[in-house]
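# Observations on the three-dimensional arrangement
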Amino acid sequence: MKLLKKLLCAVICIMTVLCCLSANADAAVLIKNMRLGNQTDGARIVLDMDKSVNYRVFLLNDPKRVVVDLADAEIKALQTKFSNQVVSQTRVGRMSGNDKRIVMELSRPATIKKAFIIAPQSGQGWRLVIDLVMATNQQFAGKIGNRYAMTNDTKFAPKEEKSSGGWFGFSSSDSKADANAKINRKRIVVLDPGHGGKDPGAIGAYGKTYEKNITLAMGRELKQILQKKGYIVYLTRDRDIFIPLRQRIKIAQKYRADLFMSLHADSAQNRSATGLSVYTLSDTASDKEAAALAERENKADIIGGIDLGGNTKEVNDILISLSQTDTRNKSSKYATYLVQEMAKSVKVLKNTHRFAGFAVLKAPDVPAVLLEMGYLSNRTEEANLKTQSYRKKLGEAAARAIDRYFKDPEIASN
Ligand SMILES: [Zn+2]
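Residues numbered from 1 in each chain as written. Predicted model: local features only at pLDDT ≥ 70, side-chain atom pairs only at ≥ 80, totals over all residues. Heavy atoms only, no water.

For the rest of this paragraph, the subject is unusual backbone geometry. With an omega of -5°, the peptide bond between Asp-62 and Pro-63 qualifies as cis. Along the polypeptide, Pro-63 turns up in the loop between strand E3 (55-60) and strand E4 (65-70). The backbone of Asp-72 sits at a positive phi, close to 45°, despite the residue not being glycine. Looking at the secondary structure, you find Asp-72 in the loop between E4 and strand E5 (73-75). Accessibility expressed as a relative area gives 25% for Asp-72, which makes it partly exposed. At Arg-256, a position not held by glycine, the phi torsion is positive, near 55°. (Helix = DSSP H or I, 4+ residues; strand = E, 2+ residues; numbered from the N terminus. Buried < 20%, exposed > 50% of the residue type's maximum accessible area, 1.4 Å probe, protein only.)

The coordination sphere of the zinc ion, as far as protein atoms go, consists of His-195 (NE2), Glu-211 (OE), His-264 (ND1), Glu-297 (OE) and Glu-297 (OE), spread over 2.0 to 2.4 Å. In terms of primary sequence, the donors binding the zinc ion are separated according to H-x15-E-x52-H-x32-E. Residue His-195 is located in the loop between strand E11 (188-193) and helix H4 (211-228), and its partner Glu-297 is located in helix H6 (residues 288-303); the two are separated by 102 residues in the primary sequence. On the accessibility criterion, His-195 (6% relative accessible area) is buried. (Donors = N, O, S within 2.8 Å, 3.2 Å for Na, K, Ca; no water.)

Turning next to the sheet that holds strand E2 (residues 42-49). Ordered in space as E5-E1-E2-E9-E8, the 5 strands form an open sheet in which the pairing is mixed. Edge positions in the sheet fall to E5 and strand E8 (110-118), since each has one partner strand and no second. Direction aside, neighbouring strands of the sheet carry axes that sit 30° apart on average. Where strand E1 (residues 29-39) lies against E5, 3 bridges are found, and the strand directions are parallel. Bridging across to E5, Ile-31 finds its partner in Ile-75. (Pairing = 2+ DSSP bridges. Axes fitted to C-alpha atoms, helices over the stretch in contact; angles between N-to-C directions.)

Attention now goes to the sheet that holds strand E10 (residues 150-151). Where strands meet in a sheet, backbone hydrogen bonds hold them as pairs that are either parallel or antiparallel. Sheet architecture is open: 5 strands sit in the order E6-E7-E4-E3-E10, paired in antiparallel fashion. Strands with a single pairing partner mark the edges of an open sheet, and in this sheet they are strand E6 (87-94) and E10. Bridge count between E6 and strand E7 (residues 100-106): 7 bridges; the pairing is antiparallel. The partner of Gln-89 across the bridge, within E7, is Glu-105.

Regarding helix H9 (residues 379-386), the residues found buried are Glu-381, Glu-382 and Leu-385. Within H9, the buried residues cover an arc of 105° as seen down the axis, which keeps them to one side. Turned more than 90 degrees away from the buried face of H9, the exposed residues are Arg-379 and Thr-380. Near the N-terminus of H9, the side chain that reaches the backbone nitrogen of Thr-380, with its oxygen 3.0 Å away, is that of Asn-378. (Arc of directions from axis to C-beta. Polar contact = N/O pair within 3.5 Å; in protein donor to acceptor, adjacent residues only side chain to side chain.)

Moving on: the environment of Tyr-210. Relative to the elements of secondary structure, Tyr-210 occurs in the loop between E11 and H4. On the basis of relative accessibility, which here comes to 35%, the residue Tyr-210 falls in the partly exposed class. Each C-alpha atom, one on Tyr-210 and one on Leu-376, is 8.4 Å from the other, the two residues being 166 residues apart in sequence.

Summed over the entire model, instances satisfying the criterion amount to 18 salt bridges. Note that Arg-35 and Asp-48 form a salt bridge whose closest N and O atoms lie 2.9 Å from each other. Of this pair, Arg-35 sits in strand E1 while Asp-48 sits in strand E2, and the two are 13 residues apart along the sequence. Classification of Arg-35 by relative accessible area gives partly exposed; the value is 34%. Here Asp-69 makes a salt bridge to Arg-101, at a shortest N to O gap of 2.7 Å. Placement of the pair is Asp-69 in strand E4 and Arg-101 in strand E7, with a sequence separation of 32 residues. A relative accessible area of 0% means that Asp-69 is categorised as buried. Classification of Arg-101 as buried rests on a relative accessible area of 2%. In the salt-bridge network here, residues are joined through shared partners; they are Glu-341, Lys-344, Arg-400 and Arg-404. (Salt bridge = Lys/Arg side-chain N within 4 Å of Asp/Glu carboxyl O.)

Below you can see the structure in the form of structure tokens.
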């Protein structure tokens, strides 16, 4: 009798456990669809579900993204590409247990305005709605990580990632793993060989050397050096073609450049003028020479028949972001390292780091520097720049500067 009771008990226990398990499996929320829409100030994301869900929404950086964590959820194959003004693409990943994560990469900085659940009404089912509002880089930076998460369940806290990379090689901003991931993350450098095609740039006085050819050769050389060091490197052009200045900025943004470097070689009336110089963006040029140089370099777009004066929305956006000091500070930091490393290898101009309004440096959130490698109007520098060994020397100095820049604690941490 006792044995029978025990057996019965065991059976009931097992059944209860099984029941609970199957009930849990049934309890998973089904995410049926994801919709994205533009709003005047941002974007709205809607997840269609068969019941309410416990969620957590927060921001991560590098690349800028919105993370949506969903407790106990099943996700149907969702659309991943959207033509949205804020979100560029999305992907889905698993977390521990049955929790899921949707990652949305942002094409521009945005913050989470609100997140809320809508119960079924007017023919529509359960929905999770997330509103994003366009923001400045600084505003975005101030809202990164779990601590700014919007959630409907304080107990809903996905487990900390155990592997160094976390999901998709990313991890939450607060974790130690993330600090490592950031440092180990491959940095993206976009090199911009100046001029090209119908725009030859400066022309060497003695050897009929075209600046566009020197800059391309330098770009290729530096690309090789940096790739050997583990950087991801793109050239804005790898052949003799004309690219408008604004397009060069777009290329840097498209590749999500951590650093943009435009390569040039100047010429001067005074044929004895020699030396290398480094420029960062400024509304006011550091001197007349710098202003004149910026004017010469900006002429590329006049050659291309493009009017820089027209204030499109994009240009306005750029002007807005120019008011942010962050990008300029980073550019200046890199310029400082670049000048120091170049000075070890070659002759540099006095006040080597100068400022001027170069159109090509106006990428809104990409630290950018313009390097004038020397004067093609000077016989010696023209000859030097034409030799591969000299360009290699310049390239190695630039690579040392790039290493120092990315190891700088301020840069390494974001
Ligand atoms: Zn140039």
